[in-house]
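# Commentary on secondary and tertiary structure
So you can see what is in the structure, the chains are spelled out below.
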Amino acid sequence: MTALAAAGVWIALLSAVYAIGALAYGLAARKRTWIDSGMNAAVMPAVLLTVSSSILVHALVTHDFSLVYVARNSSLETPLLYRVSGLWGGQAGSLLFWTWMMAVLAAVVVYRHRRADPELMPAAAIVLMAILAFFAFIVAAVESPFRTLPFPPTDGRGLNPLLEDPGMVIHPPLLYLGYVGFAVPFAFALAALATGRLDPEWLAATRRWALLSWAALGAGLLVGGWWAYRTLGWGGYWGWDPVENAALMPWLVATAYVHSAIIQERRGLFAAWNVTLVILTFALAFLGTFLTRSGLVVSVHTFAQSEIGAYFLALLAVLLLGSFGLLAWRWDDLRDPAPLDSLASREGAFLFNNVLFLGFAFAVLVGTLFPILSEAVRGVQIFVGPPYFRQISAPIGIALLVLMGVGVLLPWRRATVRTLVQFRFPLFVTLCTSVAAAVLLRRPGVVLALAAVAFALGATLQEYHRGAKSTVPPRGRFAPDSPTGGVGAYLLGLAHLFVHQRRRYGGYLVHLATLVIVVGVVASHAYVREREVTVRPGESFRVGSYTVTYHGLRRGTAPNATATWGLLEVRGGGRAWTVEPLRLFYPKWNQPVSRPGIRSTLQDDVYAVLAAFEPDGRATLRVWVNPMVRWIWIGGIAFLLGTAVAAWPDRLRAGTRTRWPLQTLRDLEADWRTGKLSQRDYEQTVPQAQRHLLRAAEEERAGASAQKEGG
């Protein structure tokens, strides 16, 4: 079985290499049979790697300690769930898992797009297969999880204790899905550059892939924070650790891309910029992998290091040189057809938004690499730490919140004096919030952040209101003047937005979710209370508005570990709760692990850690009161819901080529109806979109005829 699994990886590598050769020859010689052969070969690695991965999971589940990987990442006492997640718990297994995800994704993309995008798909498949071949080579020749031991042990070491948590069952697959998913827009962008098909067709083809990858990476970041909060026992969820930063940077650049892609689809602007963002997003994903797996940066999240970092660095160099070389070659073809009409427009707001996101990502990159840079220059590593990141993230975050509101309010092409009227309600909400926050909270930074949140919230809610009113039917059962009108008509209008404009109003749901997360982050940082005490059983102490009483210790066992619980009673607001922080000791790892006891409500979390204890029952406790942390997790769920709404397929009866211009026409009408496009700009823009639609329809008919003749 083990030999079969290892052979599967090698054959998958050969299949990917064959697919690259067949597709390249087929494109160069214009031979359809070779292109079809390459496409078929591109699907094979998914089948082969599924078999190999299944064999490794089977070995983990059945305790096959003849495999080095199983002996190091599993034991007889490891629960079934963590034996399965052991697939991505170590270096070699996580690389196999990543390669399998890449292969499955490539197969799905080839299946979905080989007929729908025949001009772009062969070149895009070459890029996908090249990336897959790299990972397959690493798994087959450098970090194989199928190496065997001559004398298998009777029991394994077990999974790293910090990874035995539900958060780590979900967190790595989400991050890998985000990283792997960005390979699709990257591959199509390079295909567009190579083939010269630079219209927004490649954007439309990959829009849903980009959104899902962006959402997966964002969800991975949130789940990672949730895991750190529940597992690491330092009272927080985000420490600006290099591994956290490595995942944050591509997400920030991808966020800029998700916004600027709308400009190219709608106006044909920012074509070169969008290709640049896609390249940077994918390159940063690789850079993060290189940093975390090479051991160059020190991180509490680094559970696997080896010599493979050099391979990732080499591939990163090739990706950057090749991608930007193609971009320079096509630079003249990517020039915008017309200049930006005005910076005081939605396009201008998106441009500033992009600058801020990229500036944020660059500042995080500098802070993450600073220890390496300082060692290269001065011979000693200097760490900048969380204060540096907080100083840059706070002003940029507030500016982004303001732009979130401004971008929603501004119309396309240019603003007029009448546009200012739309700022009245958001500014009124901002004023009321600022006054209340200044009186009650009296902290300038918090007041500023809440004012920005209030402005974005007011602008977003106003847009829902305007959208719902613009879709109220003038006649019928739900007309405003009908007996069942009024509220019914309004709710019908709101529902109409999510049925026919789900991309826009789903995006606004993501904005609202972000505001909820921001409130939780600001409150939990600005008003955290912390205390460390050494107490005897029966003694009490206060933290914030709570009284904590220590009642002693309870000892027991857990899988692979001895366990000691601290028994605490927390009283506050006339109520009492029991909180039991846990301290585990894993003999095979010689590692103690603290698991906090958490009492969580919407108002605050009481977060207790058993830091140490003595034989006489004394215990050293660290207790935090973290306000509104639960808002962050709730906002994360809303973030996923909003992304799902925005990415849900539209019910447009159109072909692949005509879908994008038809959607653009529908968006233009909605913009004009809600005042986001003036009558003059609407009349100027619609004919251009109609010409796109006619050209796309002609190409679609020609393609169908050619296919019919060929078939």
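The shown structure was predicted, so the numbers you read here are calculated from the model rather than taken from an experiment.

## So, unusual backbone geometry
Even without being a glycine, Arg 413 presents a positive backbone phi close to 75°. Here Arg 413 is to be found in the loop between helix 14 (385–409) and helix 15 (424–440). Owing to a relative accessible area of 12%, Arg 413 belongs among the buried residues under this scheme. Of note in this structure, Arg 442 is not a glycine but carries a positive phi near 55°. Structurally, the position occupied by Arg 442 is in the loop between helix 15 and helix 16 (444–470).

## Overview of helix 15
Its 17 residues place the ends of helix 15 24 Å apart at the C-alpha level, agreeing with the 24 Å of an ideal helix rising 1.5 Å per residue. Every buried residue of helix 15 is listed here: Pro 426, Val 429, Thr 430, Ser 434 and Ala 437. Looking straight down helix 15, one finds that the buried residues subtend no more than 130° of arc, so they occupy a single side. Exposed residues on helix 15 whose side chains face more than 90 degrees from its buried face are Arg 424, Phe 428, Leu 431 and Val 439. In this structure, the buried residues of helix 15 make contact with helix 14 and helix 16. Note on helix 15: the residue one or two positions beyond its end, Arg 442, has a positive phi of about 55°.

## Considerations on the pairing of strand 5 (residues 575–579)
Sheet analysis places strand 4 (residues 561–572) next to strand 5, joined by five bridges and oriented antiparallel. Within strand 5, the residue paired with Arg 571 across the bridge is Ala 576. Following strand 4, the chain reverses through two residues before pairing antiparallel with strand 5; Gly 573 in that reversal takes a positive phi of roughly 60°.

## Regarding the confidence of the model for the chain
In regions of low pLDDT, the predicted coordinates are not meant to be interpreted in detail. Put simply, the chain has an average pLDDT of 88, and 94% of its residues get 70 or more. Within the chain, strand 10 (residues 619–627) carries the highest mean pLDDT (96), whereas helix 21 (residues 679–710) carries the lowest (74).

## Some thoughts on the packing of helix 1 (residues 2–29) against helix 2 (residues 32–61)
Interaxial distance between helix 1 and helix 2 falls to 8 Å at its minimum, and their mutual angle equals 165°. In terms of axis orientation, helix 1 runs roughly antiparallel to helix 2. Crossing of helix 1 against helix 2: the hand is left-handed. Along the lines of polarity and charge, the residues of the contact of helix 1 with helix 2 split into 22 nonpolar, six polar and no charged.

## Brief notes about the packing of aromatic side chains
Enumeration over the complete set of coordinates arrives at 33 aromatic pairs. With 4.6 Å between their ring centres and 25° between their planes, Phe 186 and Phe 282 make a pair best called stacked. Linking Phe 186 in helix 8 (residues 183–195) with Phe 282 in helix 11 (residues 271–294), this pair joins segments that are 96 residues apart in sequence. Grouping residues by exposure puts Phe 186 and Phe 282 together as buried. Ring geometry for Tyr 546 and Trp 577: centres 6.3 Å apart, planes at 65°, overall edge-to-face. Remark: Trp 577 occurs in strand 5 and Tyr 546 occurs in strand 3 (residues 546–558); sequence separation between them is 31 residues. The two residues Tyr 546 and Trp 577 agree in class, both being buried.

## Regarding helix 10 (residues 242–267)
The terminal C-alpha atoms of helix 10 lie 38 Å apart, and with 26 residues this matches the ideal 38 Å at 1.5 Å per residue to within 8%. Burial analysis of helix 10 places 24 of its 26 residues in the buried class, which makes it a mostly covered element. You can read the cap of helix 10 off the contacts: a side-chain oxygen lies 2.9 Å from the backbone nitrogen of Val 243, and it is on Asp 241. Positive backbone phi, at 80°, marks Gly 268, one or two positions downstream of helix 10.

## Observations regarding the nonpolar core
Core analysis: the biggest nonpolar cluster contains 147 residues, and Leu 56, Ile 131, Phe 186, Phe 188, Trp 202, Trp 214 and Phe 286 have the highest contact counts within it. When residues in this core are grouped by element, the largest group, 17 residues, is from helix 6 (residues 121–142). Apart from the residues lying within four places of it in its own chain, the contact partners of Phe 186 are Val 127, Ile 131, Val 278, Ile 279, Phe 282, Leu 319 and Ser 323.

## Overview of the sheet that holds strand 10
Spatially, four strands are ordered 1-10-9-8 in an open sheet, and the strand pairing comes out antiparallel. Pairing within the sheet leaves two strands with one partner each, and these edge strands are strand 1 (529–535) and strand 8 (597–600). Neighbour-to-neighbour, the strand axes of the sheet open up by a mean angle of 15°, direction not taken into account. The pairing of strand 8 with strand 9 (residues 604–613) spans four bridges and is antiparallel. In the sheet register, Gly 597 faces strand 9, and the bridge partner there is Ala 608.

## What about the pairing of strand 10?
Of all nine residues that make up strand 10, eight are buried, and the element is covered over most of its length. Across seven bridges, the pairing between strand 1 and strand 10 is antiparallel. If you follow Glu 530 over to strand 10, its bridge partner there is Trp 624. Inspection of the sheet shows strand 9 paired to strand 10 by nine bridges, in the antiparallel sense. In the strand pairing of strand 10, Asp 605 is matched with Asn 626.

Analysis parameters
- Residues numbered from 1 in each chain as written.
- Predicted model: local features only at pLDDT ≥ 70, side-chain atom pairs only at ≥ 80, totals over all residues.
- Heavy atoms only, no water.
- Helix = DSSP H or I, 4+ residues; strand = E, 2+ residues; numbered from the N terminus.
- Buried < 20%, exposed > 50% of the residue type's maximum accessible area, 1.4 Å probe, protein only.
- Expected span 1.5 Å × (residues − 1).
- Arc of directions from axis to C-beta.
- Contact = heavy atoms within 4.5 Å.
- Pairing = 2+ DSSP bridges.
- pLDDT = per-residue confidence, 0-100.
- Axes fitted to C-alpha atoms, helices over the stretch in contact; angles between N-to-C directions.
- Parallel < 35°, antiparallel > 145°, perpendicular 65-115°, else oblique.
- Left-handed = near helix turned anticlockwise from the far one by under 90°.
- Nonpolar A, V, L, I, M, F, W, Y, C, P; charged D, E, K, R; others polar.
- Phe/Tyr/Trp six-rings, centres within 6.5 Å; stacked < 30°, edge-to-face > 60°.
- Polar contact = N/O pair within 3.5 Å; in protein donor to acceptor, adjacent residues only side chain to side chain.
- Core = buried A, V, L, I, M, F, W, Y, C linked by side-chain atoms within 4.5 Å.

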